[in-house]
Amino acid sequence: MTTAAPGTRIRYMGNKVALAQDVSAIVETVEPNRVLVDLFGGMCSVAGAVSRSGRHVWNNDIQHYAHLVARCLLTSKVAPPSRDKAVRVLTSSYRFNLTALRARFEEDLRIEREVLSRGSTSLYRETQGSWKHAGNDRAIGQEVARLRRRPSGPYRLATLTFAWGYFGLRQSIEIDSVRAAIDAADADQTLSSDEAAWCRLALLQSCSRVASTPGHFAQFLRGEQPSSLRRILAARRRSVWDAVLDDLQHLSPFGNRKWRAGNRVLIADALTIWRELDDARLGPAVFYMDPPYSKEQYSRFYHVLETLALYDYPDSSGAGRYRPDRFATPLATKSGVLAATRTLLSAIAERDGILLLSYPSTGLLTSGLGIDMDALLGEYFAKVRLAIDIPSRHSTLGGRHGASRHEVLEYVWVAS
């Protein structure tokens, strides 16, 4: 768990949070009437650091779960509801959905309790392998498709898609029931729109905390070894309902209400956002870019959060139970990264923008293609300087290629 600001507890992946304060210090040297546009805003670490200066921020990200984070932290008119209010408003609908799902899965819940109490790797793997879900069972897949066309109660997306994978069956039922309660409270206005958004964010945060994963959602733990099963058992003991109530009390927006009223949150591909920015009369701005830099399409590490944010009952495929419309960008391909980067640089330069570009020494441009970044930036901007050149340790997001972290140099260029 990483602290973004006092009282704001958000889980981060990636390295941007480590650079946020340094980037903010550079932004403060730029003429103050320019808005900061974070084109790959993610979990708003840079926007949060900038909030102390009072400079307004337009935060963009293509992912819906990141858009929810930005909406809450950067534009919310109110703080999250108190624990007491959440309990009072959500409990009835939560229990209604919970009771319906418990009745349907009564025998499966009994089996889950028995398997977890036995602590046997072979029994766990056997039960996990036999579990039918939206990604491996035609009937359940058809049920999900019907719900996508015409949603009906009880809420059951997580239960039909992610149970016995990223979450336990009991936990998945709780996830669905919390979401059902939030949506009901939003619809009948016992929670304001902003309060409901905070509750949905707390639910995503809690899902990240209770998940049986290696630290991301590209895969889940399978319990093949005693150490893996121990991690699963510890995770499965956690209550989603309790976690949501806890997380609500550790979330708060950045800045003051007046500052947040001047911010905007956008959800677009950074490569095609420019007409939207022009239509919104952005004017000369400071652009911060921390683009994808490896061959990993990062949407595969967040697809569970994306699905739970959208709650749209998507098709599911593969062992990872992936949704079919995961976002992919040429910035994460060796063949497309240079042209895509040129598109971004050209768009910023044409709009008299000041650019802060974060990029590591091991990125596709710097290492894979051997691009001289100073020369590349110099094709579009009259002034280019390397403002930050520091050692850093990047996560490999689960260590798929060996070590879980590797040493890099983190660069930030300023161009105008």
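Residues numbered from 1 in each chain as written. Predicted model: local features only at pLDDT ≥ 70, side-chain atom pairs only at ≥ 80, totals over all residues. Heavy atoms only, no water.

### Some details on the packing of aromatic side chains
Thinking step 1. Scanning all chains against the criterion turns up 12 aromatic pairs.
Thinking step 2. An angle of 45° between the planes, with centres 5.3 Å apart, marks the rings of Tyr124 and Trp164 as tilted. On the criterion of sequence distance, the pair formed by Tyr124 in helix H6 (residues 121–130) and Trp164 in the loop between helix H8 (157–161) and helix H9 (169–187) is long-range, its members being 40 residues apart. Each member of the pair, Tyr124 as well as Trp164, is classed as buried. (Phe/Tyr/Trp six-rings, centres within 6.5 Å; stacked < 30°, edge-to-face > 60°. Helix = DSSP H or I, 4+ residues; strand = E, 2+ residues; numbered from the N terminus. Buried < 20%, exposed > 50% of the residue type's maximum accessible area, 1.4 Å probe, protein only.)

### Overview of the pairing of strand E6 (residues 285–289)
Thinking step 1. For E6, the buried fraction is high: 5 of the 5 residues fall into the buried class.
Thinking step 2. With burial as the criterion, each face of E6 is covered, one bearing Ala285, Phe287 and Met289 and the other bearing Val286 and Tyr288.
Thinking step 3. The pairing of E6 with strand E7 (residues 354–360) spans 4 bridges and is classified as parallel. Counted as the bridge partner of Val286 is Ile354 from E7. (Pairing = 2+ DSSP bridges.)

### Brief notes about the pattern of salt bridges
Thinking step 1. One pass over the structure, following the stated rule, counts 22 salt bridges.
Thinking step 2. As a salt-bridge pair, Arg125 and Glu224 come within 3.5 Å of each other at their nearest N and O atoms. In this pair, Arg125 sits in helix H6 while Glu224 sits in the loop between helix H10 (193–210) and helix H11 (226–236), placing the two residues 99 residues apart along the sequence.
Thinking step 3. Looking at Arg125, the relative accessible area reads 29%, which means it is partly exposed.
Thinking step 4. The exposure class assigned to Glu224 is partly exposed, which follows from its relative accessible area of 49%.
Thinking step 5. One salt bridge connects Asp315 with Arg148, and the closest N-O pair in it is separated by 3.1 Å. Residue Asp315 is found in the loop between helix H15 (303–310) and helix H16 (337–350), and its partner Arg148 is found in helix H7 (residues 138–149); the two are separated by 167 residues along the sequence. (Salt bridge = Lys/Arg side-chain N within 4 Å of Asp/Glu carboxyl O.)

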